[in-house]
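Here is what each chain is made of, one letter per residue.
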Amino acid sequence: PEVDRLQDGDAVAVRLDASDEGAAAWVDYLDALAASDKALNVAPYTEGAAGTFRLWALAVARMSLPAKQRVEARHDLIGIRLAHVGLGFGADTLAGPIDEDRHLPLAGMTRPNENTRAGLTALIELAGLELEATA
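Now for a description of the structure that goes with this document. (Residues numbered from 1 in each chain as written. Predicted model: local features only at pLDDT ≥ 70, side-chain atom pairs only at ≥ 80, totals over all residues. Heavy atoms only, no water.)

Counting buried residues along strand 2 (residues 41-45), four of its five residues qualify, which places the element largely inside the surrounding structure. With five bridges joining them, strand 1 (residues 11-15) and strand 2 adopt parallel strand pairing. The residue bridging arginine 15 from the neighbouring strand is tyrosine 45, located in strand 2. The parallel pair strand 1 and strand 2 is bridged by helix 1 (residues 20-36), and the resulting crossover is right-handed. Bridge analysis of strand 2 against strand 3 (residues 70-74) gives two bridges, and the strand direction is parallel. Of the residues in strand 3, the one forming a bridge with asparagine 41 is arginine 70. Note on the crossover from strand 2 through helix 2 (residues 51-64) to strand 3: the handedness is right-handed. (Buried < 20%, exposed > 50% of the residue type's maximum accessible area, 1.4 Å probe, protein only. Helix = DSSP H or I, 4+ residues; strand = E, 2+ residues; numbered from the N terminus. Pairing = 2+ DSSP bridges. Right-handed = clockwise from strand over helix to strand, strands pointing away.)

Once that is clear, we can look at the nonpolar core. Nonpolar side chains tend to gather and get buried jointly when the protein is soluble and globular. Core analysis: the biggest nonpolar cluster contains 32 residues, and Trp26, Tyr29 and Leu33 have the highest contact counts within it. Counting residues per element, this core draws most heavily on helix 2, at six residues. Ignoring sequence-local partners within four residues, the contact set of tryptophan 26 consists of Val14, Leu16, Val42, Pro44, Trp56, Ala57 and Ala61. (Core = buried A, V, L, I, M, F, W, Y, C linked by side-chain atoms within 4.5 Å. Contact = heavy atoms within 4.5 Å.)

Under the definition given, this model contains five salt bridges. Its salt-bridge partner being aspartate 37, residue lysine 68 comes within 3.5 Å of it at the nearest N-O pair. Taken together, the residues span a long stretch of sequence, with lysine 68 in the loop between helix 2 and strand 3 and aspartate 37 in the loop between helix 1 and strand 2 at a distance of 31 residues. (Salt bridge = Lys/Arg side-chain N within 4 Å of Asp/Glu carboxyl O.)

We now examine the side chain of threonine 46. With respect to the element layout, threonine 46 can be found in the loop between strand 2 and helix 2. Residue threonine 46 is classed as buried on the basis of its relative accessible area, which comes to 3%.

Quick look at the packing of aromatic side chains now. For the structure on display, the rule yields two aromatic pairs. Seen in terms of ring centroids, tryptophan 26 and tyrosine 29 are 6.2 Å apart; in terms of plane orientation they differ by 25°. Their pairing is stacked. Of the two residues, tryptophan 26 and tyrosine 29 both sit in helix 1, three residues apart, roughly one turn of that helix. Across this residue pair, the class does not change: tryptophan 26 and tyrosine 29 are buried. Relative to tryptophan 56, the ring of phenylalanine 53 lies with its centre 5.3 Å away and its plane at 35°, an arrangement referred to as tilted. One end of the pair is phenylalanine 53 and the other is tryptophan 56, both in helix 2 and three residues apart, which spans about a single turn. (Phe/Tyr/Trp six-rings, centres within 6.5 Å; stacked < 30°, edge-to-face > 60°.)

Let's shift gears to the environment of alanine 18. Within the secondary structure, alanine 18 sits in the loop between strand 1 and helix 1. Sequence separation between alanine 18 and alanine 49 is 31 residues, and the spatial gap between their C-alpha atoms is 9.0 Å. Not counting residues up to four positions away in its chain, the partners in contact with alanine 18 are Thr46, Ala50 and Phe53.

Structure (structure tokens):
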């Protein structure tokens, strides 16, 4: 999305091309976002296999953007495992849709999948971070 069209509070998922040209374009886009001084949530992702590039994109975003522009690792866009590792590469937030917790039929115990509230909480805690509730 064009930087001048973004408003404070917008959440932006940016599809990147995992190439040298895509990397240069990402850095240029981050420079424009940082200069805009808007409070945003930015989530880079790629299509196809590009795990290392995705982690690089998260790290560069966190180093390039001011603190009020949050970097999101979207588990629905980059995969749950890579999003978890992305927290260690500078992502501020583990984001994405949350499934309902499932229960074992007899015991009534929570059976966490990774993309349930319980599963995502466990991943955040394993990364050494704290859960911040959002609406």
